[in-house]
Structures are given as C-alpha cells and as structure tokens.
Amino acid sequence: MVHIQPSAGTLRIVNARDPNPVMEEITEAGLDIDQGMVVKKDGRLYYGSEAIHVLARLSSRTGVFNRISYYLFRSRTAAHLLYPPLRACRNLLLKALGKAKINNLGIEGNDRF
C-alpha cells in the first residue's frame with residue numbers, strides 16, 4: 001500500500017513464501033522473516049523497525065495511508081516503539097488465519113505462530 005517517491009526508485013514486493021534470490025540473501029544474513037519485515041535499499045538490508053522507518057522516509061506522502069505511515073514512522077524512536085506491537089498484531093492475525101511460519105532460518109519446531 002506504500003507509494004514510493006519517484007526519486008527513490010521502484011518498490012518491488014517479494015513473496016517470502018516463494019524461493020527467490022532476495023529471500024536467500026535475507027536467510028544468509030540470519031534475519032528471521034517471520035519476526036520482521038526486510039527492506040533492501042542501495043544494497044543494504046534493513047530489518048524490523050529500521051525497515052519500516054526506511055519505507056516511511058521513502059514514501060510519497062500522497063494519500064491518507066502514506067501520510068499516516070510517514071508521520072508515525074519517520075522517527076527511528078517512534079518506529080522502534082511502534083513496530084513490536086504492530087508485529088504482534090500481525091502474528092496474531094496470521095495465527096487466527098491458521099498460517100504456518102515461513103521459518104526461513106530452518107529452526108526446528110518453529111513452524112506455527
């Protein structure tokens with residue numbers, strides 16, 4: 001739902017459930033995709049609250065969702081404080097929907113939310 005400023009480039013969304021080079025890179029970096037989102041910008045991986053902060057800074061600020069996202073997450077401190085409860089809500093929703101974890105790190109017994 002995030003629209004990126006034209007000067008920031010193109011946002012490419014990757015399905016983490018499908019094998020792809022980006023997910024291989026995330027796994028090699030030791031990042032648990034079930035516990036945090038990842039944004040790759042200029043060859044660097046940003047994880048969790050840093051990822052949402054980077055997205056907010058790159059957003060176009062057009063539309064209600066983008067403006068709210070920008071104002072909530074433009075501060076690293078705010079992103080750091082707000083990200084964990086939002087992630088917890090996401091995990092509860094995925095649990096309620098009966099979704100399995102991606103478990104990209106291959107942790108034994110880590111297949112359910």
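Thresholds, definitions, all that
- Residues numbered from 1 in each chain as written.
- Predicted model: local features only at pLDDT ≥ 70, side-chain atom pairs only at ≥ 80, totals over all residues.
- Heavy atoms only, no water.
- Pairing = 2+ DSSP bridges.
- Helix = DSSP H or I, 4+ residues; strand = E, 2+ residues; numbered from the N terminus.
- Polar contact = N/O pair within 3.5 Å; in protein donor to acceptor, adjacent residues only side chain to side chain.
- Phe/Tyr/Trp six-rings, centres within 6.5 Å; stacked < 30°, edge-to-face > 60°.
- Buried < 20%, exposed > 50% of the residue type's maximum accessible area, 1.4 Å probe, protein only.
- Lys NZ or Arg CZ within 6 Å of the ring centre and 35° of its normal.
- Contact = heavy atoms within 4.5 Å.
- Salt bridge = Lys/Arg side-chain N within 4 Å of Asp/Glu carboxyl O.

Undergrad: Break down the pairing of strand β2 (residues 44-47) for me, with residues and values.
TA: By the bridge criterion, four bridges tie strand β1 (residues 38-41) to β2 in an arrangement that is antiparallel. By the bridge assignment, Lys40 is partnered in β2 with Leu45. Between β1 and β2, which pair antiparallel one after the other, the connecting turn spans two residues, and Asp42 there sits at a positive phi close to 55 degrees.

Undergrad: For the side chain of Asn20, give the residues involved together with the corresponding values.
TA: In this fold, Asn20 is placed in the segment before α1 (21-28). Within the structure, Asn20 has its side chain in polar contact with the backbone oxygen of Asp18 (distance 2.7 Å).

Undergrad: Quick rundown of the environment of Glu28? Include the residues and the values.
TA: Relative to the assigned elements, Glu28 resides in helix α1. Expressed as a C-alpha distance, the spacing of Glu28 and Asn104, which sit 76 residues apart in the sequence, is 9.6 Å.

Undergrad: How would you summarise the packing of aromatic side chains if you had to cite specific residues and measurements?
TA: Taken as a whole and assessed by the stated rule, the structure comprises one aromatic pair. When the ring of Tyr70 is compared with that of Tyr71, the centres are 5.2 Å apart and the planes differ by 75 degrees; the resulting orientation is edge-to-face. Taking relative accessible area as the criterion, Tyr70 reaches 12% and is therefore assigned buried. The lysine or arginine in question, Arg61, covers the ring of Tyr70, its NZ or CZ lying 3.7 Å from the ring centre.

Undergrad: Please provide a residue-by-residue account of the environment of Leu55, values included.
TA: The residue Leu55 is located in helix α2 (residues 49-58) in this model. Judged by relative accessible area, Leu55 falls into the buried class, the value being 11%. Each C-alpha atom, one on Leu55 and one on Met23, is 18 Å from the other, the two residues being 32 residues apart in sequence.

Undergrad: Can you explain the side chain of Asn103? Please cite residues and give values.
TA: Among the structural elements, Asn103 can be located in the segment after α4 (76-96). A relative accessible area of 18% places Asn103 in the buried class. A polar contact is formed between the side chain of Asn103 and the side chain of Asn110, at a distance of 3.4 Å. For Asn103, the contacting residues outside a window of four places in its chain are Asp34 and Asn110.

Undergrad: Give me the pattern of salt bridges: which residues, what numbers.
TA: What the rule picks out here adds up to three salt bridges. In this structure, Lys41 engages Asp42 in a salt bridge whose closest nitrogen and oxygen atoms are separated by 3.7 Å. In this structure Lys41 comes out as partly exposed when scored by relative accessible area, which is 22%. For Glu50, the salt bridge identified is with Arg76, shortest N-O distance 3.1 Å. With Glu50 in helix α2 and Arg76 in helix α4, this residue pair connects regions lying 26 residues apart in the sequence. Given the relative accessible area of 25%, Glu50 is considered partly exposed. Arg76 sits in the exposed class, given a relative accessible area of 51%.

Purely spatial values, then, with no claim about function.
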